[in-house]
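Fold and geometry: a report
These are the residues of each chain, in order.
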Amino acid sequence: MAALSPVKLSRLASASVGLVVFLLGITLSTVLLLLDYRKAHEEQARIFFTEVESVVEEFRLVLSTLNAQTTGRCDEQTMIAMRRELFLAEHIKDIGFVDNGQVICTTGVGKLDRHVEVGTPDYIGMDGLSVFVDVPLTLFEYQYSALIAFSGDFDAVFDLAVFDLLPGMVNDWEVVYTRDEAPVSVAGEKGLYRGQFAESGYRFSLTSQYSETCLPEYQYCLGIQSDFQSWLDHYRTLYLVFVILWFFIGVLVAFAVQKLIARTQSIESKVRRALRQRAFHNLYQPILDLKSGAMVGCEALARCHLSNEPLYPDQFIPEVARSGQTWRFTKLMIQQGLTELSAETALPDGFRVNFNLFPADIAAAYTRDFAKMSTVANSRFTLVLEVIEDQQLEGKQAQTELEWLKAQGYGVALDDFGTGYSNLNQIRDFQADYLKIDRSFIMDLEDGSIKSSLIPYIVDIARQLNLFVVAEGIENARQWEALRDMGVQYGQGYYFGKPMSAEALVRLYSQQARN
Ligand SMILES: Nc1nc2c(ncn2[C@@H]2O[C@@H]3COP(=O)(O)O[C@H]4[C@@H](O)[C@H](n5cnc6c(=O)[nH]c(N)nc65)O[C@@H]4COP(=O)(O)O[C@H]3[C@H]2O)c(=O)[nH]1
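Only a predicted model underlies this, so the values are computations on that prediction, with no experimental measurement involved.

One open sheet accounts for five strands, arranged S9-S8-S12-S11-S10; its pairing is antiparallel. Two strands lie at the open edges of the sheet, namely strand S9 (184-188) and strand S10 (203-205), each paired on one side alone. Direction aside, neighbouring strands of the sheet carry axes that sit 20 degrees apart on average. By the bridge criterion, six bridges tie strand S8 (residues 172-177) to strand S12 (residues 220-225) in an arrangement that is antiparallel. Bridge pairing links tyrosine 177 to tyrosine 220 in S12. Across the face of the sheet, helix H1 (residues 6-69) comes into contact with S8, S10, strand S11 (210-215) and S12 while running at roughly 150 degrees to S12.

The end-to-end C-alpha distance of helix H10 (residues 396-407), which contains 12 residues, comes to 16 Å, matching closely the 16 Å that a straight helix rising 1.5 Å per residue would cover. Restricting attention to buried positions, one finds in H10 the residues Ala398, Gln399, Glu401, Leu402, Trp404 and Leu405.

On to the nonpolar core. Formed by 58 residues in total, the largest nonpolar core has its most connected members in Leu341, Phe351, Phe370, Leu383, Ile455 and Leu483. Sorting elements by how many residues they give to this core places helix H16 (residues 502-514) first, with five residues. Apart from the residues lying within four places of it in its own chain, the contact partners of leucine 383 are Leu338, Val353, Phe355, Phe370, Val376, Tyr410 and Gly411. By size, the runner-up hydrophobic cluster in this structure holds 42 residues, among which are Val62, Ile92, Val133 and Ile224.

Where a strand is regular, its side chains alternate between the two sheet faces. Judged by how many residues are buried, strand S7 (residues 154-159) sits mostly within the fold: six of six residues are covered. The alternating pattern of S7 places Phe154, Ala156 and Phe158 on one face and Asp155, Val157 and Asp159 on the opposite face, and all of these are buried. As judged from the five bridges shared by strand S1 (residues 92-99) and S7, these two strands associate in the antiparallel manner. Residue aspartate 94 lies in a different strand from S7, and its bridge partner there is valine 157. Of the strand pairs in this sheet, strand S6 (residues 142-151) and S7 are connected by six bridges, and their pairing is antiparallel. Each residue of the ladder has a partner; that of phenylalanine 150, found in S7, is aspartate 155.

Definitions and limits used
- Residues numbered from 1 in each chain as written.
- Predicted model: local features only at pLDDT ≥ 70, side-chain atom pairs only at ≥ 80, totals over all residues.
- Heavy atoms only, no water.
- Pairing = 2+ DSSP bridges.
- Helix = DSSP H or I, 4+ residues; strand = E, 2+ residues; numbered from the N terminus.
- Axes fitted to C-alpha atoms, helices over the stretch in contact; angles between N-to-C directions.
- Contact = heavy atoms within 4.5 Å.
- Expected span 1.5 Å × (residues − 1).
- Buried < 20%, exposed > 50% of the residue type's maximum accessible area, 1.4 Å probe, protein only.
- Core = buried A, V, L, I, M, F, W, Y, C linked by side-chain atoms within 4.5 Å.

Structure (structure tokens):
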């Protein structure tokens, strides 16, 4: 499979991060909505349960209060007591007086013309109440399904339809009495209660959307089935908003990641990283005496080994200059270069090693630091410092610094001579030791280009100023011979060797020394 380009890779990475954010967002929203659903169900169960509890409590209280005051007859006093309790009750719909297993009078109708047989209860609760469930009753024209509880001389009637009016989601529910083995359905949807969780407290299952809870002291339990679909319908719009929102957040994150990757991949940030990680090393290009063909020295040229992607000097050198870390960088290169070359015993004492300096560092007098570096102080090589022609070197301070460097015994070479800012006065003021003719003069030498025709004049000026001339970029034997014949003393170029490792340089040097 063909390797993906860095641009495609960064797009893929940012799209993946965006997708992950989108999916995580959707998952989070789903979880939040499910938690909300669960909360809504629990709230529903709580309302039902409180209602059931207060109904049971009310039955117990009303019947015990009336039984405590009974006259044993359905007289005026009994009727007043019954009506007062009915008035105060919240859930009870009717109260009856019972004599000899027959209902004699009720709060709704008064004395009954036809007494009603009480019959056998569906169950007798723990609180002693005899309970009849799902009894069809008619009060005036209103027909309803009732729950009737008996105790002593009284019964109380509760309209089960009240439960249906409770607020909340569309639910099925069932209240059961669970004293005996088989639970007796008291109200609600028959058979809904499962008895799964029994008395272990409130339990809710998200998968079945069912919950159970019990009132242990009265043996009543409640099962609630909520409706996931109706809840989903309720949240559909909100959910859609979440999906759109997270989609946009995902896209934004993808863009942000792409920008971040682009920034970390920029030359600026790579150079900053390389400086932090000291990810620079030197390669060395041989410098030859053009007459004898002997290697007399080398130029140290910086390379970056930060990543697999190569970063070339024409990319990182301007960036180092922009970053203001030029002196830190130069010290790093000199330190690394001299440490490496010093270990090569095959190289003779006095071997010339050229390092490139930034004009700004000379102008700012950072070079005073140079002699203090232990690798420099203890070096057995002749160090030559290359500087390009630059306006910054015209000032008094820069001149003083260059003189100081020369006074310390370091050679000074004027690099890339003939390009950009050229000023013959500067060469004089500079009092450099070497003048390096830029590669662009050498390139078309064989074709007799105008630029190359200037070389003899440059050599002449250099001779008058006592400067050695070094030709850069010699790529073939004809250029070598022509330059030598013009009086150029030194040269470097691919013809003699491309920038190479210290070992390769030493190998080349030893090979030449043998021949
Ligand atoms: N086509 C061709 N090219 C040749 C030939 N011979 C040498 N070169 C290239 O010409 C450049 C010579 O270095 P420079 O003029 O000092 O120019 C250097 C120098 O100005 C700067 N530089 C490199 N290393 C450092 C450093 O450590 N410090 C500073 N301040 N500048 C550096 O970057 C420039 C470019 O360096 P490089 O890419 O290494 O490019 C090197 C070298 O590889 C040849 O025969 N043909």
